[in-house]
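Each chain, letter by letter, is given below.
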Amino acid sequence: MLGLANPDRFMRLTRGWGLVLGLAAASLIIVGLWLGFTAPEDYQQGDTVRIMFIHVPAAWVSMAAYVAMGAASFALLVWRHPLADVAAKVCAPIGATFTVLALITGSLWGKPMWGTWWVWDARLTSVVVLLLFYLGVMALRAAIDDDARAGRAAAVLALIGLVNLPIVKFSVDWWSTLHQPASVFRGGGPSLTAEYLWPLGLMGLGYSLLFAALWIVAIRSEVRERRIAALMLRQARET
């Protein structure tokens, strides 16, 4: 991992990773969707249960992406790794996108189940706070002209936001909420039957690989942009 912090080594070793991971993600998502949408209806939720295969993996990745951004932010503040700032910067919009997807599909799921598009319960509110932290990190970077200062300030905010992740995870256990408790990662094993668990697992893995592909491609693009900017600045100084 320390070796990958070198931009040249990272660019060399990750060449083609975005395509490979993207194709693997697409394959898993296609199979997961096919298995999910051909599974029998749930005896309580009917066809609405199929939203789970899109909503739940998006929620998982929205939290995992924030952990990745937090780790990159920590590396930036402590070790000043060359790629840490880049990795944290490009992770924010990707994580925010998955969070928005989780919120939208959650509302689509909630309307037929709860009779309302939205309730300000602990789980939903904490996910909104997660989105606000993503948006805050992006806004803080945009508000400060100096890239180094912007990166450090955004890293501090990102680390503060890590406090919200346990709240998102355990909110349904700590407070009374309409949101159902955990069905997969729970004591005693998953409560889902295999016909739902398999497509959900494939979708979760597919979403995770999709995030990895997008993150790597975004990091590589940002590194190129910074190299071009540095080259243009050097040329401008020489003329």
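Details of the structure are given in the entry above.
Residues numbered from 1 in each chain as written. Predicted model: local features only at pLDDT ≥ 70, side-chain atom pairs only at ≥ 80, totals over all residues. Heavy atoms only, no water.

1. Focus on the nonpolar core
One recurring pattern in soluble globular proteins is that nonpolar side chains are buried together.
At step 1: In this structure, Met52, Tyr66, Met69, Tyr134, Phe211, Trp215 and Ile219 are the most contacted members of the largest nonpolar core, which totals 49 residues.
At step 2: Of all the elements, helix H4 (residues 84-114) adds the most residues to this core, at twelve residues.
At step 3: When residues no more than four places from it in sequence are discounted, the contact partners of Tyr66 are Leu130, Phe133, Tyr134, Leu157, Ala158, Gly161, Leu162 and Leu165. (Core = buried A, V, L, I, M, F, W, Y, C linked by side-chain atoms within 4.5 Å. Buried < 20%, exposed > 50% of the residue type's maximum accessible area, 1.4 Å probe, protein only. Helix = DSSP H or I, 4+ residues; strand = E, 2+ residues; numbered from the N terminus. Contact = heavy atoms within 4.5 Å.)

2. Notes on empty space enclosed by the protein
Unoccupied space between atoms shows up once a probe the size of one water molecule is rolled over them.
At step 1: One pass over the structure, following the stated rule, counts one cavity of 30 Å³ or more.
At step 2: Approximately 30 Å³ is the volume attributed to the largest cavity.
At step 3: Taken together, Met69, Ser73, Ala88, Lys89, Val137, Arg141, Gly151, Ala154, Ala155 and Ala158 form the lining of the largest cavity.
At step 4: Per element, the largest residue contribution to the lining of the largest cavity is four residues, and it comes from helix H6 (residues 147-161).
At step 5: Looking at the lining of the largest cavity, its residues break down into six nonpolar, two polar and two charged. (1 Å grid on protein atoms, 1.4 Å probe; cavity = no way out; pocket = protein on both sides within 12 Å on 5 of 7 lines; lining within 4 Å. Points joined across faces, edges and corners; volume = space filled by probe spheres on them. Nonpolar A, V, L, I, M, F, W, Y, C, P; charged D, E, K, R; others polar.)

3. Focus: the pattern of salt bridges
At step 1: In the structure shown here, the tally under the stated rule is six salt bridges.
At step 2: A salt bridge links Arg226 to Asp85; its shortest N-O distance comes to 3.0 Å. Remark: Asp85 occurs in helix H4 and Arg226 occurs in helix H8 (residues 194-238); sequence separation between them is 141 residues.
At step 3: By relative accessible area, Arg226 is classed as partly exposed at 29%.
At step 4: What makes Asp85 buried here is its relative accessible area of 9%.
At step 5: Taken together, the shared-partner salt bridges connect Asp85, Lys89, Arg141, Glu222 and Arg226 into one network. (Salt bridge = Lys/Arg side-chain N within 4 Å of Asp/Glu carboxyl O.)

4. So, the packing of H4 against H8
At step 1: Axis separation between H4 and H8 bottoms out at 9 Å; the angle between their running directions is 140 degrees. In terms of axis orientation, H4 runs oblique to H8. Viewed along their axes, H4 and H8 form a crossing whose handedness is right-handed. When H4 is examined against H8, the residues Asp85, Val86, Ala87, Lys89, Val90, Cys91, Ile94, Phe98 and Leu101 are found in contact with a partner set consisting of Tyr207, Leu210, Phe211, Leu214, Trp215, Ala218, Ile219, Glu222, Val223 and Arg226. (Axes fitted to C-alpha atoms, helices over the stretch in contact; angles between N-to-C directions. Parallel < 35°, antiparallel > 145°, perpendicular 65-115°, else oblique. Left-handed = near helix turned anticlockwise from the far one by under 90°.)

5. Observations concerning the environment of Gly161
At step 1: Looking at the element boundaries, Gly161 is found in helix H6.
At step 2: Using a relative accessible area of 0% as the deciding quantity, one classes Gly161 as buried.
At step 3: Expressed as a C-alpha distance, the spacing of Gly161 and Phe133, which sit 28 residues apart in the sequence, is 6.1 Å.
At step 4: Ignoring anything within four residues of it in the chain, the contact list for Gly161 reads Tyr66 and Phe133.

6. As for the environment of Met11
At step 1: Note on placement: Met11 falls in helix H1 (residues 7-13).
At step 2: Overall, Met11 belongs to the buried group, its relative accessible area being 8%.
At step 3: Setting aside its immediate chain neighbours within four residues, Met11 contacts Arg220, Val223, Arg224 and Arg227.

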